[in-house]
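The chain contents come next:
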Amino acid sequence: MPSELTVVDPPATPAADPTHPATRRRRTAALVAAALLAAWLAPVVAYATHRTWLLPPLVLLGTASLLRGGRTLLDRLLLATMLLLGATTAAGLLFAVWPWGLHPVPVNGTALTVLVLAAVATGRRPRLPRPGWVDLFPVLGTAALVGYLAQPLLRAGDLATRLTLLGRGEDNYRHLALFDVVGRAGGYVFVDPAAAREQIVSALVHYPQGWHLTTALLDGHLTPIGGAARGAGAVEPYLWWTVAGLGLLTLTLLWVAQRIPGPLHPLHRTVLTVVVGALILGTQLPRLLIAGYPTEVLGLTLAVALAGLVIRPLAGTREQLVLLGALLTGIGFSYYLFLPAAAVLALCWFAGHWREALRAWPTLLAVALATVPLAATTPLLGLLRADHAEALAAPIGRDVTQTWRALLWLGGLVVLALVVQVRRSDRAWRRTLLVMLVGAGFALAIAQASINAGGQPAYYFNKAGHLATALFIVGTAGLVRLLPTPRRDRGLPRRVATTAAAAVTGVALAATAVTYCGVTGWHRGILVTDEWTWAQRWVHQHLEQPVRAAVVCAEVDRAYPPVPWATTFILDRGPYRSYLEGLCLSALQGTTAQSEPGVYGMVFLEPDRTREMLRRTPGPVRFVVTDPGARRRVEKLLIAEPELHRRVTVEVMLIPEPYR
């Protein structure tokens, strides 16, 4: 018989075997190369097609897809937002020195490249969790509050009306100017103080600029950033970014509050959303929008998010460390007054999880080496170069009664509820109580520091009280958790009884919070001292007739644009009114540095103020006179000192008085 021939397959080559390690490495290298190419191609295409507004959501989704903390889509997106905020504030140092500034293509190309390399280093594939029904409560609550607080902006149809909103807080003019200058400079202005002094008032050169950098970067995806001041065109975007910042704070407060108790019945989540929303509207937090404190809003947002991660840490220790480092860095660059309290909270987490942290020692070491110098950059510059420590004794600021009410009444109620909760087996309640005590202790420490500095608890005690208030608001989760819980007990009558009891007590608590926080107007808010809450004063302000200062500023800016040969000042009725109009005009025209000698540190007494303005301001001066009394004052001054004619130009633009 013929022997059977055995056919032997040739040995598989790496190119033919998809499971061969060499083949997998080549495919991985090809995918990485394609991803890196796409990381730069996407920004280029978006920029060429004027769709750069798509790039920030793309970076956010890419970041969220590589994280693994959180259970729902909102968890992942908020964690990614906090990580990106911290990273962006740190990257501002790079933006200030590389040649592209805040241009969307290199910024987003670099960000997407980092995401690709992070995916390769961690071996993670992009993946997002599904949205959960629990996400609806923070999202809907935030949408309702932002929609309510945005009403004045929707009613502001012209520049004078928007300047009326802006003028409710004097600091808005300074933040508007810094927002514009950081956008045009392409990074932090303190990196080059000499150049910055030609563009911004000296007090703002070393001011924390994390908020200004972040918003200027995002705004540059909507409006191209040029080399000249944007003027009136920057007012509306600035106002919307301030509202958006308060919206992010609201979302963070609602998210952390619902994260603290763990699993909650939908009825409890509804009540908690109402209680947190009522407290946001009934405390001093909306005042941050009125007074012009956007940097503090960002600092509060990051500090509350950090507190949430201390109370309910992420399952992954490495991810927890990275996020804590990013949040501390963001606070340092945005509003470093809160940095000591945030650092204490981070150390509290480390004290309870040091074994897990040490097992991830390479990540711990890398985060520590990056976070400490970055978070300390702005504080050290402010303390060593700008003497910010002297501000602790500043007597400026409103009455501190509202802060004491928040500490004693709201804080006392929350701490009492948490003392009851600590008996539960869930350790998150103990950590929540610790966070509340750190917040209250920080406010009291600032008060004592102000006294030690020779003053009284005032401006910065109020600021520290805002942080304590925000932490107390999320701490109300302990109060809501005390409500009866509907249970699926056997028997319809018992089930109906427990559900009814839970519904009645929940509605009673929500109604009490809404009423006694002054949200409805039926009862005066117990946490404020005036008849109206800060939210009501913001939303229900009269905009049908703009204030005179806003009208004068808008008209002078339109009729007298900045000129390189002279410094422009407005002279109106009363020195303080002229001061406010000067702040507004210099912010719109990008001349805060030139006008600083004649605006700040002046006595509010005429004609001494006008004479002092001329003495302090070098070079030619252009006065725009908008009031007959100011016109007569300048004429007398020029007659008494005729040599001033050589460098003083007087433009008369009388504006009628019937304005608020």
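Above this text sits the structure in question.
Read on for a plain summary of the structure. All of these numbers come straight from a predicted model, not from anything done at the bench.

### What to know about the overall build of the chain
So, point 1. What the chain contains, in helices and strands, is 29 helices and three strands.
So, point 2. For 660 residues, the compact-globule estimate of 2.2 N^0.38 gives 26 Å, and the C-alpha radius of gyration of the chain, at 29 Å, lies within 12% of that figure.
So, point 3. Each principal axis of the C-alpha distribution contributes one length, and for the chain these read about 130 × 75 × 45 Å.
So, point 4. Burial status across the chain gives 53% buried among its 660 residues.
So, point 5. The distance from the centre of the 59 positive side-chain charges to the centre of the 38 negative ones in the chain is 12 Å.

### Points about the state of the cysteines
So, point 1. Applying the stated criterion across every chain, the model contains one disulfide.
So, point 2. The disulfide that involves Cys553 links it to Cys584, with 2.1 Å between the sulfurs. As the torsion about the S-S bond is roughly -90°, the Cys553-Cys584 disulfide counts as left-handed. Of the two residues, Cys553 is situated in helix 25 (residues 548-559) and Cys584 in helix 26 (residues 575-589); the sequence distance between them amounts to 31 residues.
So, point 3. On the basis of relative accessibility, which here comes to 0%, the residue Cys553 falls in the buried class.

### Focus: the packing of aromatic side chains
So, point 1. Applying the stated criterion across every chain, the model contains 16 aromatic pairs.
So, point 2. Between the aromatic rings of Tyr293 and Tyr459, the centroid separation amounts to 6.4 Å while the plane-to-plane angle is 85°, which identifies the pairing as edge-to-face. A residue pair is termed long-range when its members are at least 10 positions apart, and Tyr293 in the loop between helix 13 (287-291) and helix 14 (294-311) and Tyr459 in helix 21 (residues 459-475) qualify at 166 residues.
So, point 3. On the basis of relative accessibility, which here comes to 9%, the residue Tyr293 falls in the buried class.
So, point 4. Taken together, the aromatic side chains of Phe95, Trp98 and Trp100 make up a single cluster linked through ring pairs.
So, point 5. Its end group placed over the ring of Tyr293, Lys463 keeps NZ or CZ at 3.1 Å from the ring centre.
So, point 6. When the ring centre of Trp534 is taken as origin, the NZ or CZ atom of Arg537, which lies over that ring, is 3.8 Å away.

### Re the environment of Leu467
So, point 1. Structurally, Leu467 is set in helix 21.
So, point 2. Beyond its immediate sequence surroundings of up to four residues, Leu467 is in contact with Leu300, Ala303, Phe338, Ala341 and Phe442.

### Details of the pattern of salt bridges
So, point 1. Tallied over the entire structure, the rule returns 19 salt bridges.
So, point 2. Between Lys463 and Glu296 there is a salt bridge, with its nearest N and O atoms 2.8 Å apart. Here Lys463, found in helix 21, pairs with Glu296, found in helix 14; they are 167 residues apart in sequence, far enough to count as distant.
So, point 3. Arg312 is the partner of Asp426 in a salt bridge, and the nearest nitrogen-oxygen pair spans 2.5 Å. Here Asp426, found in the loop between helix 19 (401-421) and helix 20 (428-452), pairs with Arg312, found in the loop between helix 14 and helix 15 (317-334); they are 114 residues apart in sequence, far enough to count as distant.

### Notes on the packing of helix 16 (residues 339-352) against helix 20
So, point 1. Orientation of helix 16 relative to helix 20, taken along the N-to-C sense of each, is 155°, at an axis distance of 10 Å. By the angle between their axes, helix 16 is roughly antiparallel relative to helix 20. The interaxial crossing formed by helix 16 with helix 20 has right-handed handedness. Residues Pro340, Ala341, Val344, Leu345 and Cys348 of helix 16 lie in contact with helix 20, whose contacting residues are Leu434, Val435, Val438 and Phe442.
So, point 2. In terms of residue class, the contact of helix 16 with helix 20 is made up of nine nonpolar, no polar and no charged.

### Quick notes on the sheet that holds strand 1 (residues 567-571)
Either a parallel or an antiparallel arrangement is found when strands of a sheet pair, and the pairing is made through backbone hydrogen bonds.
So, point 1. On the basis of which strands lie adjacent, the open sheet formed by three strands has the order 1-2-3 and parallel pairing. Only two strands of the sheet have a single neighbouring strand rather than two, namely strand 1 and strand 3 (648-652). Taking each pair of neighbouring strands and ignoring which way they run, the sheet shows an average axis angle of 25°.
So, point 2. Looking at chain direction, strand 2 (residues 621-625) and strand 3 are connected through five bridges and run parallel. Directly across from Val621, in strand 3, lies its bridge partner Val648.

### Looking at helix 8 (residues 171-185)
Residues spaced three or four apart along an α-helix face the same direction, because each turn holds 3.6 residues.
So, point 1. The terminal C-alpha atoms of helix 8 lie 21 Å apart, and with 15 residues this matches the ideal 21 Å at 1.5 Å per residue to within 8%.
So, point 2. The element helix 8 is extensively covered by neighbouring structure, given that twelve of its 15 residues are classed as buried.
So, point 3. Among the residues making up helix 8, those that are buried are Asn172, Tyr173, Arg174, His175, Leu176, Ala177, Leu178, Phe179, Asp180, Val181, Val182 and Gly183.
So, point 4. Where helix 8 ends, the next residue or the one after it, Gly186, has phi of about 80°, a positive value.

### With respect to unusual backbone geometry
So, point 1. In this structure, the amide linkage connecting Glu606 to the following residue, Pro607, adopts the cis form with an omega of 5°.
So, point 2. In this structure, Pro607 sits in the loop between helix 27 (592-595) and helix 28 (608-616).
So, point 3. You will see that His50, though not glycine, has its phi angle at about 60°, which is positive.
So, point 4. Overall, His50 belongs to the exposed group, its relative accessible area being 65%.

### As for the pairing of strand 2
So, point 1. Across the five residues of strand 2, five count as buried, placing the element largely inside the fold.
So, point 2. Residues Val621, Phe623 and Val625 of strand 2 are buried on one face, and the alternating residues Arg622 and Val624, pointing to the opposite face, are buried as well.
So, point 3. In the sheet, strand 1 pairs with strand 2 via five bridges, with the strands oriented parallel. In the strand pairing of strand 2, Leu571 is matched with Val625.
So, point 4. Viewed along the sheet, the connection from strand 2 through helix 29 (residues 628-640) into strand 3 turns out right-handed.

### Quick word on the nonpolar core
So, point 1. Leu163, Leu176, Ile200, Leu253 and Phe623 are the most contacted members of the largest nonpolar core, which totals 184 residues.
So, point 2. No other element matches helix 11 (residues 235-259), which puts 13 residues into this core.
So, point 3. Counting six residues, the second largest nonpolar core, distinct from the first, contains Ala39, Val59, Leu115 and Ala119.

### Side note on the side chain of Arg633
So, point 1. Tracing the backbone shows Arg633 in helix 29.
So, point 2. Discounting chain neighbours no more than four positions away, the residues touching Arg633 are Leu571, Asp572, Glu606, Pro607 and Thr610.

### Description of a nonpolar patch on the surface
So, point 1. Residues Trp404, Leu408, Trp409, Leu444, Tyr516 and Ile526 make up a contiguous nonpolar surface patch of about 590 Å² in total accessible area.
So, point 2. The dominant element in the nonpolar patch, judged by the number of residues it contributes, is helix 19, at three residues.
So, point 3. Topologically, Tyr516 is positioned in helix 23 (residues 492-516).

Definitions and limits used
- Residues numbered from 1 in each chain as written.
- Predicted model: local features only at pLDDT ≥ 70, side-chain atom pairs only at ≥ 80, totals over all residues.
- Heavy atoms only, no water.
- Helix = DSSP H or I, 4+ residues; strand = E, 2+ residues; numbered from the N terminus.
- Rg over C-alpha atoms; globule rule 2.2 N^0.38 Å.
- Buried < 20%, exposed > 50% of the residue type's maximum accessible area, 1.4 Å probe, protein only.
- Lys, Arg positive; Asp, Glu negative; His and termini not counted.
- Charge placed at Lys NZ, Arg CZ, Asp CG, Glu CD.
- Disulfide = S-S within 2.5 Å.
- Phe/Tyr/Trp six-rings, centres within 6.5 Å; stacked < 30°, edge-to-face > 60°.
- Lys NZ or Arg CZ within 6 Å of the ring centre and 35° of its normal.
- Contact = heavy atoms within 4.5 Å.
- Salt bridge = Lys/Arg side-chain N within 4 Å of Asp/Glu carboxyl O.
- Axes fitted to C-alpha atoms, helices over the stretch in contact; angles between N-to-C directions.
- Parallel < 35°, antiparallel > 145°, perpendicular 65-115°, else oblique.
- Left-handed = near helix turned anticlockwise from the far one by under 90°.
- Nonpolar A, V, L, I, M, F, W, Y, C, P; charged D, E, K, R; others polar.
- Pairing = 2+ DSSP bridges.
- Expected span 1.5 Å × (residues − 1).
- Right-handed = clockwise from strand over helix to strand, strands pointing away.
- Core = buried A, V, L, I, M, F, W, Y, C linked by side-chain atoms within 4.5 Å.
- Patch = residues over 30% accessible without salt bridge, like charges linked within 9 Å, V, L, I, M, F, W, Y side chains within 5 Å.
- Areas by Shrake-Rupley, 256 points an atom, 1.4 Å probe, with all protein chains shown as cover.

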